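Each chain, letter by letter, is given below.
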Amino acid sequence: WDAILAVSRDELNKQLEQQYVERHQQLSFLPPFNGAVALDEQAVEVVKLQGVQLGVPSISMLAADSSSVTVTMSLAAGRYTRTHQPAGGAPAVSGSFKIIEAMGFRVEMRVPLQVDGEGNVTMDLTEGSDFTCNLSGVDEPVNVLLAGFFANEFKQIAWHRAVFVLLGVDLNRYTAQSPASFRVVTQSAPGARNAEARNFGEGALVLLIRMRGGHGDGQFPLSSDFTYPIPANPKARLGQSYGASLILSREMRCSEGQDRPPLLDSLRFGSGAPFAAPATCVADDLLMFGTFEAPQASITPLFSTIMAGQTQSFTLRDAQGQPIAANNWQVISLQGHNPVVHGMITSSGVYSVTQMGHDALRVVVTATYDDGGKTRTASALLGVVSEPMEIAPRVMVVAGGALVQPVLLKATALDGTQVGLALQGTEAGTLSEVDGGMLFTPDARSGKRILSTQQLSVEGEEKRLATVLIANGKQALRIEPASVPRAPKGAPV
């Protein structure tokens, strides 16, 4: 090949973050998901999802083939409700919780890489396959059904919301050192397919480039002994982090009098960022280590969450990370049309909200600034929540007796502090720590009554209670009303 460009997963994910945020500014973000998933043929058990919002798509190089990536998206907000309604009976809630991004719920899929007519390497989320989901904890049969729900929903997403650009190559230049075509492959970092490794999922997107003045295509696919082209532990070895590398063959190196390979001007990231290569090594070929620089200003923090009544300060920074003045700040809530629900932001970038009207808000923060006589914008995302602590599930009904079911509980605090989870009152089972939360497993002590109750307390700055009901037999009683859709605060029911 005349040239080989490699870009690390971390560098690509930074660009996906930026595109994800910009789409909120343009109101072309991924839509919230709503629907019902029947867990049996008679729809006795049903999971209802309301307003489920997805976080930033993050890629890893774990797909079985080298032309696809594994995409993971967190479940950032929404509500999960599981109901039970036997034929002729009243419905009853058997599980309920509010979805919080910090709880670690996610959707994962395999997405093929594509090259469009403009020379962009893209991924189209509507082409996703092999979906997995962990929203139902350790209940894998339900997780499989939820994964199928998301797989069907993704196929309905509009093109302008579903397609993300990873890299681009300008194929419309006509000098001998301009790219004429390229092939795309992925390459895993050494050891990165080991689930126990610290670099699990790491890898690079590799472009194999043929130049107009070259000799044709090189070897494809790459041989197994092709050296992984991103420096290992770059901060320790080079004093700076390099997320990209470019290899130019001897024939394509700079001509006499050139100090910069023309190929660099043909490379671009999805956000338009140019390739900067501060470190070079010339042997037979030319090897350049670098990164893709941000082409314009950005807001920090890019993602943040506060509780209603708190404030959040935002800063506009130029491409070098230095604070700059904004001409104007604006905020818009994705949940409401009332200006009060949007909140307020001062001329210095301090946000506050007094009336939410919802359990949670997602707010787009936008700054307008001057850039060489042109007016540009930059955006960030802010979450506003009504509670400083959440637990999932808040309530869960499980089978007891011979069909005993364990329950995975997840608790999270807004400030990120560790929260403890403990059995409360008479113990009807055991509590053990597992990856992603705490597992409550009913035991023989739960079988003494037709319906056993186990409360669990979560303590941090505040105290919360979760309840697991263990049903050891058919219930003969019911509660009326079976459902109360809405009740004002402080009103008795």
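The structure displayed is predicted, hence computed values, not measured ones.

Caption draft 1: Inspection of the pairing of strand E13 (residues 244-248) at higher detail. Here E13 lies mainly inside the structure; four of its five residues are buried. Relative to E13, strand E1 (residues 3-8) is paired through five bridges, and the arrangement is antiparallel. Considered in E13, the bridge of Ile4 is made with Ile247. In the sheet, E13 pairs with strand E16 (residues 286-292) via five bridges, with the strands oriented antiparallel. Within the sheet, the bridge partner assigned to Ile247 lies in E16 and is Leu287.

Caption draft 2: Representation of helix H2 (residues 140-154) within the structure. For H2, spanning 15 residues, the distance from its first C-alpha to its last is 21 Å, which sits close to the expected 21 Å at 1.5 Å a residue. Within the sequence span of H2, burial applies to Val142, Asn143, Leu146, Ala147, Phe149, Phe150, Ala151 and Phe154. In this fold, the buried residues of H2 make contact with strand E2 (33-38), strand E3 (45-54), strand E5 (68-84), strand E7 (106-115) and strand E9 (129-133).

Caption draft 3: Region of the structure containing the sheet that holds strand E26 (residues 389-392). Overall, antiparallel pairing links the four strands, which are arranged E26-E28-E31-E30 in an open sheet. Of all strands in the sheet, those with a lone pairing partner are E26 and strand E30 (429-434), marking the two edges. Across this sheet, the average inter-strand angle for adjacent strands is 25°, counted without regard to direction. Across four bridges, E26 lies against strand E28 (residues 407-413) in antiparallel orientation.

Caption draft 4: Region of interest: the packing of aromatic side chains. With the rule as written, the count across this model stands at seven aromatic pairs. With a centroid separation of 4.6 Å and an interplanar angle of 15°, the aromatic rings of Tyr80 and Phe97 are classed as stacked. Of this pair, Tyr80 sits in strand E5 while Phe97 sits in strand E6 (residues 92-100), and the two are 17 residues apart along the sequence. We classify Tyr80 as buried; its relative accessible area is 2%. For Phe97, a relative accessible area of 5% corresponds to the buried category. The ring of Phe164 carries the charged tip of Arg23 above its face, separated from the ring centre by 4.0 Å. One Lys or Arg, Lys410, reaches over the ring of Phe105 and ends 5.3 Å from the middle of that ring.

Caption draft 5: Structural context of the confidence of the model for the protein chain. Of all residues in the protein chain, 95% have pLDDT values of 70 or greater, and the mean over the chain is 87. Across the protein chain, the element-wise mean pLDDT spans from 47 in helix H4 (residues 234-238) up to 97 in E9.

Caption draft 6: Layout of the sheet that holds strand E22 (residues 344-345). Within the open sheet, the three strands sit side by side as E19-E23-E22. Their pairing is antiparallel. The strands lining the two open edges of the sheet, one partner per strand, are strand E19 (312-313) and E22. In this structure, E22 lies alongside strand E23 (residues 350-352), joined through two bridges in antiparallel fashion. For Met344, the partnering residue across the bridge sits in E23 and is Ser352.

Caption draft 7: Main features of unusual backbone geometry. Omega for the bond connecting Thr300 with Pro301 falls within 30 degrees of zero, at -5°, which places this linkage in the cis form. Following Ala392, the chain continues to Pro393 via a peptide bond in cis, the omega torsion being -5°. Positionally, Pro393 belongs in the loop between E26 and strand E27 (395-399). Even without being a glycine, Ala43 presents a positive backbone phi close to 55°. One can find Ala43 in the loop between E2 and E3. Although it is not a glycine, Asp130 adopts a positive phi angle of roughly 55°.

Caption draft 8: View of the pattern of salt bridges. Summed over the entire model, instances satisfying the criterion amount to 16 salt bridges. Residue Glu45 is joined to Arg82 by a salt bridge in which the shortest nitrogen-to-oxygen separation is 3.0 Å. One end of the pair, Glu45, is in strand E3; the other, Arg82, is in strand E5, with 37 residues separating them in the sequence. The exposure class of Glu45 is buried, given its relative accessible area of 17%. Note that Arg173 is salt-bridged to Asp170, the shortest N-O span being 3.3 Å. Its relative accessible area of 34% is what places Arg173 among the partly exposed residues. With a relative accessible area of 19%, Asp170 lands in the buried category. Bridged by salt links that share partners, the residues Arg9, Asp10 and Glu202 form one connected network.

Rules used in this analysis
Residues numbered from 1 in each chain as written. Predicted model: local features only at pLDDT ≥ 70, side-chain atom pairs only at ≥ 80, totals over all residues. Heavy atoms only, no water. Buried < 20%, exposed > 50% of the residue type's maximum accessible area, 1.4 Å probe, protein only. Helix = DSSP H or I, 4+ residues; strand = E, 2+ residues; numbered from the N terminus. Pairing = 2+ DSSP bridges. Expected span 1.5 Å × (residues − 1). Contact = heavy atoms within 4.5 Å. Axes fitted to C-alpha atoms, helices over the stretch in contact; angles between N-to-C directions. Phe/Tyr/Trp six-rings, centres within 6.5 Å; stacked < 30°, edge-to-face > 60°. Lys NZ or Arg CZ within 6 Å of the ring centre and 35° of its normal. pLDDT = per-residue confidence, 0-100. Salt bridge = Lys/Arg side-chain N within 4 Å of Asp/Glu carboxyl O.

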